[in-house]
Structures are given as structure tokens and as C-alpha cells.
Amino acid sequence: MAETADVVIIGGAVIGSAVAYALSVNPDFQGRVIVLEKDRSYERAASSLSTSGIRQQFSSAVNVKLSQYTVEFLKQADVHLGTDGSSSGIVFHENGYLLLGGPDAVGAFEDNNRLQRSLGVDVRLLGRSELGRRFPWLTLDDIEVGSFTGPGEGWIDGYVLMGAFKRRARANGVEYRYVEATGIVRDGDRITGARCSGGVEIAAAHVVNASGFNGRAIAGMAGVDLPLRNVKQVVFAFASPHRAQGMPFVFTPDRLFFRPESDDYIAGLGIKTLEQLSDFDVDYAVFEDEVWPRLAHRVAGFENARLRSAWAGHYDMSLLDHNAFIGAVPGLHGFYLANGFSGHGLMHSPGIGRALSELIIYGGYRTLDLSELSVRRIAANAPMRESIQY
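First, a word on what this report is: a plain description of the structure on this page. Quick caveat: nothing in here was measured; it's all calculated off a predicted structure. Note that residues are indexed from 1 along each chain, following the sequence as it is written. The predicted origin of the model limits local features to residues at a pLDDT of at least 70 and limits the giving and counting of side-chain atom pairs to 80 or more, whereas totals for whole chains, interfaces and linings rest on all residues. Hydrogens and water are ignored here; the side-chain numbers use all heavy atoms of the structure.

This brings us to the overall build of the chain. For the purposes of this entry, the term helix denotes a DSSP run of H or I that reaches at least four residues, the term strand denotes a run of E that reaches at least two, and both are numbered from the N terminus. For the chain, the count of helices and strands is 11 helices and 20 strands. Radius of gyration: over C-alpha atoms. The globule rule applied is 2.2 Å multiplied by the number of residues raised to the 0.38 power. In terms of C-alpha radius of gyration, the chain reaches 21 Å, essentially the compact-globule figure of 21 Å for 390 residues. Projected onto its principal axes, the C-alpha positions of the chain cover 70 × 45 × 40 Å. What makes two residues a contact is simply this: any of their non-hydrogen atoms within 4.5 Å. Taking all contacts inside the chain whose residues are at least 6 apart in sequence as the whole, residues at least 24 apart take part in 74%.

Okay, here's the thing in C-alpha cells:
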């Protein structure tokens, strides 16, 4: 006889645990939640390996609103995620984001700024001269505009946020099983449960696919074809004698990103191609040949950068538009998607968890309307692309 639950969540990293947490704290939900997670250590979860940035600077209102929800959530992290009077452990480093653009990006930056400010984001456009005054350590020979915020953007420790969601969910009765999901049980147009390693079947009216870079495979078990691809992102940690008080998270037109990390820095390159990769190997030549020359050009003092370590993680990239697929699958009752975040998953996890929990409990969104992120846009060939990709 199959076990029975009300909700099965496949994937127990930050997205799956955020959904589990949101269900567990809603007084209108009294059901049983089981989370299936095959990686007990979470050592390969994107939650553990990302740069953990938090930004509101998007060109689509739905992504801005998701980020705004996260910022307010993080300000009350101990209230939401503390257990038994203890701290959540979450520290939000609100150094800001600085997105830099060349002459051809000015129009897009201005359009984005109007949208962001209309939604209440405190973001400023800076010309080259003002950038030079504010950030004298930057080389600006190819830069025409910068978009900068202070409080409300920055970074956290993604592993800590994931752990806090999980810890609070478990304290509220959510069960975690460290097993691999091996199948989705379907009866016609209705999902009725999930199978996992060991031959166990769990009957459930609601199954959530929150399995990160395994999302396409899990969706396929339910007969849903998602245009996803796993893309490797490598992050390099380095030391430098350069010190810039309050350095923000910086993104440049030549795909370079960098920010402080404790007493050192981290850096890397934005996604260039969508080549399918399944390994977690680090090519250290990329630092010497591509990252370090960009760092040395951009910041006086970074020419003396000394590599300390590096790691690789995977993003589940949406091939349609680099935005996630969220919500119920049309024509397939009981199956919910939280896939294809393309690097935005951690920063949007609090809102995703809240939205999906409401969809499961009430049959519709109440706090955040994420209809624009529906999988329907695949069949409609209606991508929702960000005007500037960082």
C-alpha cells in the first residue's frame, strides 16, 4: 500500500524548502508535506554554490515584485525563520548592485529605471562623471551609464537561507526523505503521487517539481517537456591588496562580475553560451585567461589578484527566455512547476514559496500574481525576456 501525503515536493534545496515552509506556516493548511531530496549534503545544490545575490533591478514588473518581497522578508528573517527563539543566521549585506553599461545600453537602462522607480525601487542612473566620483577605483573608458542601488540589494549566504527554510519547515512538521524521485504517478489528466528509490510510492493530490537542475527530467516523468538546459557557472575567490569601502556587487558589459566576500573577493563571468554541461570541474585557465585580465583592467589594484579557490555550480536555464516556469500545468491537475530560474531562484525563493503554497491551498495566487511566469508561454511562444541580461 502506498504512503499518503497531501503534498510531495521533489527537491529540498532553497525553492522546495521555501514551498514547504510557506505551507507549514499557513493556518489554512493542516496537511502532510513530504520533501524528497537525493543530495543529503546539498553540496551540488545551486543554493550552496551560487553567488547569492539579491537585486531588484529587473525590466519585468513580476521579477521586481518578487525581489521586493524577498527584501521585506529578509528584513524580518529572524521573525519568519528563527526557531525556538534562536536567530535565523541570515545576514543581508546591503552593499547594493552596480550594473554598468556602454553607450548602446543607455536607452535600455533608462527604460528599466522608469519601471523600477514606478514600482518604488530606490535606484539611480549615474553617468560616467558621477560614477568616477563615487567609485574612483573603477576604469570607465568603455562605460557610459551605471544603475546603482544601496540598501535593498546585495547578497546573503544562500546555504544559510536554504538551511533556515528547511529547519523551520521541519520544526513545523514537514518530513524530509533523502531519496531520489524515480517517477510521477499519473491517472489520466491528474497527478496522484510520486515514486522514489527503494520502490516506495507516495500518494498525493499535489506534487511540486522544485528539483533544480533535475527539473527537466522530473517534468518529463509527468509527460511535460520543459525547454531547460543545465549551464555551468564557475566562481573564483581571490585576494587583493585593493580595498574599496562599501564595494557593491558589480556587473560589467564584458560579462565580468565581482564583489567582496569577507576579507577577499569573488568573481566570474556571466553565462555566454547555453552549452549543456553535467560536470562540476573548474577550468583554472579561465581565471588566468579571461577573468583576471578583466579584473586588472576594471579595478586598479586587482592586477595583483591572487587566486585562493574556485567552485562550479549549475543553473537550470530556461531556453525560452531565461525566466522561470512557475505554477500549475494546464490540463494536468495536481502538478506544479518551480523550474528554470536561470540564476534567479535563490533571490526569489521567499515569494515563490508563498505563491505556490497559495496556489495549492486556495487554487489561486493571493499575495503575488505570478501568472506571467506560467508554462503557458511556451505553447504561446510568448517569451518574457529581460532587456538586459546579468
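One fewer than the residue count of a helix, multiplied by 1.5 Å, yields its expected span. Taking 1.5 Å per residue, 14 residues should reach 20 Å; helix α7 (residues 158–171) reaches 20 Å between its end C-alpha atoms and fits that length. Think of it in three bands: with a 1.4 Å probe and only protein chains considered, a residue is buried below 20% of the maximum accessible area for its type, exposed above 50%, and partly exposed in between. When we look at burial in α7, the residues that qualify are Gly158, Leu161, Met162, Ala164, Phe165, Lys166, Arg168 and Ala169. Contacts from the buried residues of α7 go to α1 (14–25), α2 (46–49), α3 (61–75), α4 (77–81), β9 (175–177) and α10 (345–362).

Residue position: Thr83 is located in the loop between α4 and β5 (97–101). Setting aside chain neighbours within four positions, we find Thr83 in contact with Arg167, Arg168 and Ala171.

All right, on to the pattern of salt bridges then. We define a salt bridge as a side-chain nitrogen of Lys or Arg found within 4 Å of a carboxyl oxygen belonging to Asp or Glu. The full count for this structure, using the stated rule, is 19 salt bridges. A salt bridge links Glu3 to Arg32; the nearest nitrogen and oxygen atoms lie 3.0 Å apart. Taken together, the residues span a long stretch of sequence, with Glu3 in strand β1 (residues 3–4) and Arg32 in the loop between α1 and β3 (33–36) at a distance of 29 residues. The salt bridge partner of Arg177 is Glu3, with a shortest N-O separation of 2.8 Å. On the criterion of sequence distance, the pair formed by Arg177 in strand β9 and Glu3 in strand β1 is long-range, its members being 174 residues apart. Assessed through its relative accessible area of 22%, Arg177 is described here as partly exposed. Residue Glu3 is classed as partly exposed on the basis of its relative accessible area of 25%.

Let's shift gears to the nonpolar core. The nonpolar side chains of soluble globular proteins are, as a tendency, buried together. Of all hydrophobic cores here, the largest spans 57 residues; its most connected members are Ile9, Val33, Ile326, Ile352 and Leu356. Ranked by the residues each element gives to this core, the list is headed by α1, at 8 residues. In this structure Leu356 touches Val19, Val208, Ile326, Gly327, Tyr336, Leu337 and Ala338, once residues within four positions along its chain are discounted. Only buried residues count toward a nonpolar core, which is a set of Ala, Val, Leu, Ile, Met, Phe, Trp, Tyr and Cys residues joined through side-chain atoms within 4.5 Å. Core analysis: the next-biggest nonpolar cluster, separate from the first, contains 29 residues, Leu98, Phe135, Phe236 and Ala244 among them.

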